[in-house]
Amino acid sequence: MYSYNHKFERAARARRAKAVLFTILFHILLIAGIAYGTGADLEKYTPEFVKTLLGMEDDGTPTARADVPKP
């Protein structure tokens, strides 16, 4: 009797995915803005897996060698 159109289901799924992505990005920016505005140390509160994802981890090796003679 009724024909169900899958186009509407796909559109709803796409809208839901966009809403979730927008919500996650909004909250990340909100938290980062608050942390930056208060002057908090972000590395202190950032989880380890996020640090490795962003490349913020400190592996203990110095980036510049002190024993290299300067011309």
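Residues numbered from 1 in each chain as written. Predicted model: local features only at pLDDT ≥ 70, side-chain atom pairs only at ≥ 80, totals over all residues. Heavy atoms only, no water.

Visitor: Got a sec to walk through the overall build of the protein? Specific residues and values, please.
Guide: Check the secondary structure of the protein and you find three helices and zero strands. Along the protein, helices (α) and strands (β) appear in the sequence α-α-α when read from the amino end. Split into buried and exposed, the 71 residues of the protein put 4% on the buried side. Of the roughly 7,200 Å² that the protein leaves accessible, carbon and sulfur atoms contribute 65%. (Helix = DSSP H or I, 4+ residues; strand = E, 2+ residues; numbered from the N terminus. Buried < 20%, exposed > 50% of the residue type's maximum accessible area, 1.4 Å probe, protein only. Areas by Shrake-Rupley, 256 points an atom, 1.4 Å probe, with all protein chains shown as cover.)

Visitor: An account of the confidence of the model for the protein is needed here, citing residue identities and associated values.
Guide: In low-pLDDT segments, the atomic positions of the prediction should not be examined closely. The predicted model of the protein has a mean per-residue pLDDT of 81, with 76% of residues at 70 or higher. Across the protein, helix α1 (residues 6-38) holds the top mean pLDDT of 92, while helix α2 (residues 42-45) sits lowest at 76. (pLDDT = per-residue confidence, 0-100.)

Visitor: Please give an account of the layout of surface pockets that cites residues and values.
Guide: Looking at the largest pocket, its volume works out to about 350 Å³. Looking at the largest pocket, it is lined by 13 residues, and the ones nearest its centre are Ile28, Ile31, Ala32, Leu42 and Thr46. Elements with a contribution of two residues or more to the lining of the largest pocket: α1, α2 and α3 (48-54). Among the elements that make up the lining of the largest pocket, the one with the highest residue count is α1 (six residues). Here the residues of the lining of the largest pocket are counted per class, giving 11 nonpolar, two polar and no charged. (1 Å grid on protein atoms, 1.4 Å probe; cavity = no way out; pocket = protein on both sides within 12 Å on 5 of 7 lines; lining within 4 Å. Points joined across faces, edges and corners; volume = space filled by probe spheres on them. Nonpolar A, V, L, I, M, F, W, Y, C, P; charged D, E, K, R; others polar.)

Visitor: Before we move on, could you go through the packing of aromatic side chains and cite the residues and values that matter?
Guide: Under the criterion given, the structure shown has one aromatic pair. Against the face of phenylalanine 8 rests lysine 7, its NZ or CZ located 5.5 Å from the ring centre. (Phe/Tyr/Trp six-rings, centres within 6.5 Å; stacked < 30°, edge-to-face > 60°. Lys NZ or Arg CZ within 6 Å of the ring centre and 35° of its normal.)

Visitor: Requested: an account of α1, with residues and values cited.
Guide: Between its terminal C-alpha atoms α1 stretches 48 Å, which fits the 48 Å expected from 33 residues at 1.5 Å a residue. If you check the start of α1, you find a side-chain oxygen 3.2 Å away from the backbone N of lysine 7, and it comes from asparagine 5. Immediately downstream of α1, the backbone of glycine 39 shows phi near 80°, a positive value. (Expected span 1.5 Å × (residues − 1). Polar contact = N/O pair within 3.5 Å; in protein donor to acceptor, adjacent residues only side chain to side chain.)

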